[in-house]
Amino acid sequence: MENKTARLTVLVDPIKKKAFEELCFSQDLTPSQVIRQLMRDYMERFGVDYSTKSNVGGKSEVRNPV
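Residues numbered from 1 in each chain as written. Predicted model: local features only at pLDDT ≥ 70, side-chain atom pairs only at ≥ 80, totals over all residues. Heavy atoms only, no water.

S.K.: Account for the pattern of salt bridges, with residues named and values stated.
M.R.: Per the stated rule, a full pass over the model turns up two salt bridges. Note that K17 and E21 form a salt bridge whose closest N and O atoms lie 2.7 Å from each other. Note that K17 and E21 are positioned in helix 1 (residues 14-26) at a spacing of four residues, about one turn of the helix. K18 is paired through a salt bridge with E22; the nearest N and O atoms lie 2.6 Å apart. Of this pair, K18 and E22 both sit in helix 1, four residues apart, roughly one helical turn. Note on E22: relative accessible area 44%, which makes it partly exposed. (Salt bridge = Lys/Arg side-chain N within 4 Å of Asp/Glu carboxyl O. Helix = DSSP H or I, 4+ residues; strand = E, 2+ residues; numbered from the N terminus. Buried < 20%, exposed > 50% of the residue type's maximum accessible area, 1.4 Å probe, protein only.)

Spelled out as structure tokens, the structure:
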């Protein structure tokens, strides 16, 4: 688990931002939770290792609704 946080500023289309925030809200997630999971998935896809990577199996923060 991360001990500290750093800010990442991303410029996006306002319409997409609103739709993304609404989707996150509908799944009881914050946009930050979803972005962090997207980043972990992307790094895993390309085999990037980092010091705070969990050694426990499974994804911890964002779950796909069934």
